[in-house]
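Spelled out from the first residue to the last, the chains are:
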Amino acid sequence: LKLLKEYILQIVKTIEELQNIRKNLNGNIGFVPTMGALHDGHISLIRKAKDENEVVIVSIFVNPTQFLKGVDLNKYPRKEEADIKICQMCKVDYLFMPNSMYEKDEVLIKAPINSYVLEGFTRPGHFDGVLQVVLKLFNLTLPKNAYFGKKDAQQLALIQQMVKNLFLPINIIACDIVRESSGLALSSRNVYLTPEQKEEALKISKSIYMAGNLIAKGERDSKIVKDKIYKILENLDVEYVRVVNKRFDEIEKIEPSNTIILVVVRFGNVRLLDNIWM
Ligand code: PAF
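Throughout what follows, the structure given in this document is the object of discussion.

Reading guide: rules and limits
- Residues numbered from 1 in each chain as written.
- Predicted model: local features only at pLDDT ≥ 70, side-chain atom pairs only at ≥ 80, totals over all residues.
- Heavy atoms only, no water.
- Pairing = 2+ DSSP bridges.
- Helix = DSSP H or I, 4+ residues; strand = E, 2+ residues; numbered from the N terminus.
- Axes fitted to C-alpha atoms, helices over the stretch in contact; angles between N-to-C directions.
- Contact = heavy atoms within 4.5 Å.
- Disulfide = S-S within 2.5 Å.
- Buried < 20%, exposed > 50% of the residue type's maximum accessible area, 1.4 Å probe, protein only.
- Core = buried A, V, L, I, M, F, W, Y, C linked by side-chain atoms within 4.5 Å.
- Phe/Tyr/Trp six-rings, centres within 6.5 Å; stacked < 30°, edge-to-face > 60°.
- Lys NZ or Arg CZ within 6 Å of the ring centre and 35° of its normal.

Now for the sheet that holds strand β7 (residues 237-244). Strand order in the open sheet made by the three strands is β7-β8-β9, with antiparallel pairing throughout. Taken across any chain shown, the strands that pair with only one partner, and hence form the sheet edges, are β7 and β9 (270-277). Adjacent strand axes in the sheet meet at a mean angle of 10 degrees, parallel and antiparallel pairs treated alike. Here strand β8 (residues 260-267) runs beside β9; their pairing, made up of eight bridges, is antiparallel. Bridge pairing in β9 places valine 264 opposite leucine 273. Along the sheet, helix α8 (residues 222-232) contacts β7 and β8; its crossing angle with β7, the most-contacted strand, is approximately 155 degrees.

As C-alpha cells, this is what we get:
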C-alpha cells in the first residue's frame, strides 16, 4: 500500500530559516523568484519548475532597490493571501517571503553597461537592484534551475549574463510570455488599465504578431519592421520600439535566432512591455 504524503506548503519568513531548510534538501531545486501579485504568467513558471525538479521554491519579495527612489514601491500590488493560495494550488514546496533582504545602507554591485539602456535608461539603477536581489536569492536557494519570463527580456538577458560571468552553476530557464486570449501579455500592471485602455492595448500584441509574420516571410530590415509597428501603434503613447540582438545592441539587420523586438507603450503611469524573440 502506497501512502501518499500529505501536501503542506511551508512558508518561510526568515533568511536563517531558509538556510537551515536548504541544508537538508536533496534532489534538484527549481526556483521561481517573484514580487508577488501572482498571475497566470507566474503560474506557468511554477508549473514548469514543478515538472522539472524534485523541490520547488518560490520567493515573494517586493525588492526596494529595483524601484526608483520615491516611485511606485508603495503602489506595487500586494496580494499575500491570494498568492499563498496559488502556491498551494501549484503544490509549491517552500514559499520564501522575507521582510527584508538587505543590510542598512548596503552598497549595490554595479550591473553591466547594457543595463543602462532601454528599461535601465528610464529607470537608472533598476537592474543593479534586480541583479543584487537575484544573486542573494540564488545564494540562499542554491537552485539547479531558475525560471524567468521572456516578457522582462532585458532582465532575463542580464541575469543570463551574470550567471555566465560569475560561473554560477544554475540553469536559467527562459519561459514564453503568457497572454490573455485577446493577445494582451499578462502583467501585474494590467489591473490598472481601464476597459478602454485595455482594448487599445491590444494593438501592442497585434503589432508584435505582425512583426513576427513579416520576419517569417523573409523581411530582414529592422527599420521597415519598426515603421510598420509604429503604424499600428499610432495614436498610442509609444515609449520605444527597438530591434536588438540578445546582448541588447540595436541591430539594423534582423538575425534569425538572435533578435528580440521590444515594444513599450504608456497608458498614463502604466507602462506595458511586450516583445517577440526571433
Ligand atoms: O521579475 C521580477 O518579478 C523581479 O524583477 C525579480 C526577478 C523577482 C527580482 O526582484
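Okay, back to it.
What follows concerns the state of the cysteines. Note on terminology: disulfide describes a covalent bond linking the sulfur atoms of two cysteines. Summed over all chains, the structure comprises zero disulfides. Not part of a disulfide, cysteine 87 finds its nearest cysteine sulfur in cysteine 90, a span of 6.8 Å. Looking at cysteine 90, the relative accessible area reads 7%, which means it is buried.

This brings us to the nonpolar core. By size, the foremost hydrophobic cluster in this structure holds 33 residues, and its most contacted members are Met101, Val134, Phe138, Phe148, Ile159 and Ile172. Mapped onto this core, the elements with two or more residues apiece are α1 (15-23), β2 (29-34), β3 (55-60), β4 (94-96), α5 (126-141), β5 (145-149) and α6 (153-165). Per-element accounting of this core gives the leading share, nine residues, to α5. Within the second largest apolar cluster, 24 residues are counted, among which are Leu184, Ile208, Ile251 and Ile276.

This brings us to the packing of aromatic side chains. Here a ring pair, both rings aromatic, is described through the centre-centre distance and the interplanar angle of the planes. Scanning the model with the defined rule gives three aromatic pairs in all. Among the aromatic residues, ring-to-ring pairing joins Phe31, Phe138 and Phe148 into one connected group. Stacked on the ring of tyrosine 7, the Lys or Arg lysine 91 has its end atom at 5.4 Å from the ring centre. In this structure, lysine 150 is placed above the aromatic ring of tryptophan 277, and the distance from its NZ or CZ to the ring centre is 5.3 Å.

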